[in-house]
Amino acid sequence: MTTALLTHADCLMHVTPDGHPEQVARLEHVLHALEGMDLKRVTAPLAAEDDILRVHPASYLADLRRNLPADGLHTIDADTYLSPGSLHAAFRAAGASVRAVDMVLSGEVQNAFCAIRPPGHHAETDTAMGFCLFGNAALAAKHALDHHGLKRVAVVDFDVHHGNGTQDLLWDEARALVITSQQMPLWPGTGRADETGAHDTILNLPLPPGSGGAEMRRVYQQDAFPRLRAFKPDLIVISAGFDAHASDPLAQLYWKTEDFAWITAQICAIAAEICGGRVVSVLEGGYDLAALAASARAHVDELMKAPS
C-alpha cells in the first residue's frame, strides 16, 4: 500500500499581504521537504460546487465570489484575505480533500496527505476567518459519510489553534467524532472542554501555554485515543497543523518534530486496528518555515510507514 500526496500549483496563487504568516512560502517549503519521498503524487482536482455545499451554504459561496478582487486584495477580517487566485486555490484545497477520501476508500492508496492552502479548520458555516475559506477536513468527513455511505468518521485536529470551524460544521453531525487539542487561552477563544456538540461527539483537549510534548502525549493517551477507539470510525481525517512546534511564532506550546511523528504514528496504529489503516490528512497551520517543513516531512514519513 502507498501514501498519496495531493497538491496543485493553484494553491500557490492565494496571496496574502507582505509579512502575513499564512504565506505562499509555507507550501513551497512543505513541498520541498517532501521531494524525493516515494509517494503517489496526484494533481488535486477542483472541488465540485456540490462538494462545497455539503458544509457551506450557497449564499456564503456567492459572497466569496462577489468579493473576489480582480487585482490587489480584499480584506475579509484582520487575518483573512482574498486575492484574485484565492477562490481557485480554495477549490483545489477542497478538491484535494475529496479526492484523497475517494482514493483511500477505494483502496487505491492506504492513506493520503493533502499539501494545500488556504487552510480550512477555522472556516465556519458562513464565515471565513483565521486564514481559512472552506472547511476542508469537515468537507472530507461529510463526503465520506454522505457520498460513500460510511457509518462513522473521526476528525483529529492537533493544530495549536482550536478548529472552531470544524467544530461548527460538524456540531450537529452524530456520525462524526471531532477530537481537537489546542493551546488555551489562545485565539480564537473557543475549544473549552464543555463544548461537546449536539450529540456528545466533540472532544476538546485544552493544553496550557508553556506545555510540551509530554503533556500532549499524556492527554492523548488518557483521553483522545480511548475515545477514538470506542467510536470505531470507518475513516480518520487529520487536521495536521504544525504550529504547536516550539519554534512557531504564533503560540506558546513547545512540541518538537518528534512529537508530530509520535502523534501521527499513534493515529495510524489506531487506524490499523479499527478501519484498515484508512487515514486522510490535510495541512492546516505552521508558521515557522523550517519547523513546518521538518514536521510535515516527519508526519508524511509516519504515514508511509503506517501498518495496514
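Our structure's up above, just so we're on the same page.
The shown structure was predicted, so the numbers you read here are calculated from the model rather than taken from an experiment. Think of each chain on its own: its residues are numbered from 1, step by step along the sequence as written. Local features are withheld for residues below a pLDDT of 70 in this predicted model, meaning they are given only at 70 or higher, and side-chain atom pairs are given and counted only at 80 or more; totals for whole chains, interfaces and linings count all residues. For side-chain calculations, the full set of non-hydrogen atoms in the structure is used, while hydrogens and water are omitted.

Q: Break down unusual backbone geometry for me, citing the residues and quoting the values.
A: Leaving glycine out, the prevailing phi sign among residues is negative, and the prevailing peptide bond configuration is trans. Going from Met184 to Pro185, the amide bond is cis rather than trans, its omega being 5°. The numbering of helices and of strands both runs from the N terminus, where a helix is a DSSP run of H or I of at least 4 residues and a strand a run of E of at least 2. One can find Pro185 in the loop between strand S7 (176-183) and strand S8 (202-207). Cis rather than trans, the peptide bond between Trp187 and Pro188 has omega equal to 10°. Residue position: Pro188 is located in the loop between S7 and S8. Unlike most non-glycine residues, Phe131 shows phi in positive territory, near 75°. Here Phe131 is to be found in the loop between strand S5 (111-114) and helix H5 (136-147). Phi angles above zero are rare outside glycine, and Lys232 is one such case at about 55°.

Q: Quick rundown of the environment of Ala47? Include the residues and the values.
A: Tracing the sequence through the fold places Ala47 in the loop between strand S2 (40-43) and helix H2 (49-52). Separated by 260 residues in the primary sequence, Ala47 and Pro307 have C-alpha atoms spaced 30 Å apart. Leave out the neighbours within four places in its chain, and Ala47 touches Ile52, Phe91, Ala94 and Gly95. Contact criterion: two residues are considered in contact whenever any of their non-hydrogen atoms come within 4.5 Å of each other.

Q: Got a sec to walk through the pattern of salt bridges? Specific residues and values, please.
A: By definition here, a salt bridge exists when the distance from a side-chain nitrogen of Lys or Arg to a carboxyl oxygen of Asp or Glu is within 4 Å. Inspection of the entire model under this criterion finds 20 salt bridges. For the salt bridge of Glu22 with Arg117, the shortest nitrogen-to-oxygen distance reads 2.9 Å. A residue pair is termed long-range when its members are at least 10 positions apart, and Glu22 in the loop between strand S1 (3-7) and helix H1 (24-33) and Arg117 in the loop between S5 and H5 qualify at 95 residues. Each member of the pair, Glu22 together with Arg117, is buried. As a salt-bridge pair, Asp146 and Arg54 come within 4.0 Å of each other at their nearest N and O atoms. With a 1.4 Å probe rolled over the protein chains alone, any residue whose accessible area is under 20% of its type maximum counts as buried; one over 50% counts as exposed, and the rest are partly exposed.

Q: Go over the nonpolar core, please, and point to the residues and values.
A: Within this scheme, the nonpolar core is defined by two criteria: the residues are buried Ala, Val, Leu, Ile, Met, Phe, Trp, Tyr or Cys, and they are joined through side-chain atoms within 4.5 Å. The biggest cluster of nonpolar side chains holds 98 residues, and the ones touching the most others in it are Leu6, Phe113, Phe134, Phe158, Tyr220, Leu235 and Ile236. Per-element tally for this core: the top contributor is helix H4 (residues 86-106), with 12 residues. In contact with Phe134, not counting residues within four places along its chain, are Ile52, His56, Tyr60, Leu61, Leu64, Leu87, Ala90, Phe91, Ala94, Pro119, Gly120 and Ala123.

Q: Describe in detail the packing of aromatic side chains, supporting the description with residues and values.
A: Any two of the Phe, Tyr and Trp rings considered here, Trp counted by its six-membered ring, make a pair once their centres fall within 6.5 Å; the pair's planes then place it as stacked at under 30 degrees, edge-to-face at over 60, or tilted in between. Tallying each qualifying case throughout the model produces eight aromatic pairs. Seen in terms of ring centroids, Phe225 and Trp262 are 5.9 Å apart; in terms of plane orientation they differ by 45°. Their pairing is tilted. Of this pair, Phe225 sits in helix H7 (residues 213-231) while Trp262 sits in helix H8 (residues 257-274); the two residues are 37 residues apart in sequence, bridging distant segments of the chain. For Trp262, a relative accessible area of 14% gives the class buried. Relative to Phe260, the ring of Phe242 lies with its centre 5.2 Å away and its plane at 70°, an arrangement referred to as edge-to-face. Of this pair, Phe242 sits in the loop between strand S9 (236-240) and H8 while Phe260 is found in helix H8, placing the two residues 18 residues apart along the sequence. Assigned by exposure class, Phe242 and Phe260 land together as buried.

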